[in-house]
Amino acid sequence: MLDRPTNPTPFLTDLEQDVLGSVLSDLGLEGRLFCRSELAAPWTLSFPAGDYAHFHFLEKGLAWLQPETQAEPVSLVSGDLVVLPHGRGHRMGEGAALEPVEIGRLTGEARIEGSCKVVRHGVGPQETAMLCGSFRFGEPIG
């Protein structure tokens with residue numbers, strides 16, 4: 001999670017995408033992109049534990065991530081992709097020690113399947129943007 005490649009391969013070939021798509025389909029991948037967050041300081045969000053693994057792609061800005069099972073937060077920068085594979089709860093923020101806002105309060109508990117809500121949170125100009133989603137393979141994570 002902390003290793004950032006210096007020269008990543010930017011794209012998969014068509015054949016590689018076909019093979020990857022086939023493997024993921026065979027594994028019963030279920031996923032959803034549930035929000036694009038546009039955040040301004042100060043902000044801290046909490047993501048509850050669940051049956052799905054979580055992922056976040058930091059499009060713009062800086063943030064920290066703190067899984068519930070880890071004492072020290074991890075620093076994130078633009079371009080980082082974070083995958084929390086066991087469905088555990090976690091917090092993300094811009095560095096201030098704030099009481100977190102639960103993401104469900106911002107996205108609404110009754111999300112429409114296949115929709116991606118834009119969430120705006122914090123005061124002042126937007127400094128951070130990220131995509132948030134979840135996935136699982138067939139059965140819930142145990």
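Let me sum up the structure you'll find in this document.

Definitions and limits used
Along every chain, residues carry numbers that run from 1 in the direction the sequence is written. Where local features are concerned, this predicted model is filtered to residues with pLDDT of at least 70; where side-chain atom pairs are given and counted, the filter is 80 or more; whole-chain, interface and lining totals use all residues. Hydrogens and water molecules were not included; the side-chain quantities draw on all heavy atoms of the structure. Here the rule is simple: two strands pair whenever DSSP picks up at least two bridges between them. Think of it this way: any DSSP run of H or I at least four residues long counts as a helix, any run of E at least two long counts as a strand, and we number them from the N terminus. Only protein chains enter the calculation, and the probe is 1.4 Å; a residue is then buried if its accessible area is under 20% of its type maximum, exposed if over 50%, and partly exposed in between. What makes two residues a contact is simply this: any of their non-hydrogen atoms within 4.5 Å. Each polar contact in these results corresponds to two N or O atoms within 3.5 Å; when the atoms are within protein, one needs to be able to donate a hydrogen and the other to accept it, and residues that are neighboring in sequence are counted only if both atoms are side-chain atoms.

**Notes on the sheet that holds strand 2 (residues 44–47)**
As summarised here, the arrangement of the five strands in space is 5-4-7-2-8, forming an open sheet in which the pairing is mixed. The open sheet is flanked by strand 5 (74–77) and strand 8 (101–102), the only strands paired with a single partner. Two strands pair when backbone bridges link them, and strand 2 and strand 8 are joined in this way by two bridges, in the parallel orientation. Bridge pairing in strand 8 links L45 to V101.

**Remarks on the environment of R36**
Positionally, R36 belongs in strand 1 (residues 29–39). You can call R36 partly exposed: its relative accessible area is 23%. Note: C-alpha distance between R36 and L58 (22 residues apart in sequence) is 9.9 Å. Not counting the four nearest positions on each side in its chain, R36 is found in contact with E59, C116, K117, V118, V119, A129, M130 and L131. Polar contacts involving the side chain of R36 include one to the side chain of E38, which spans 2.6 Å.

The values are spatial; any link to function lies outside them.
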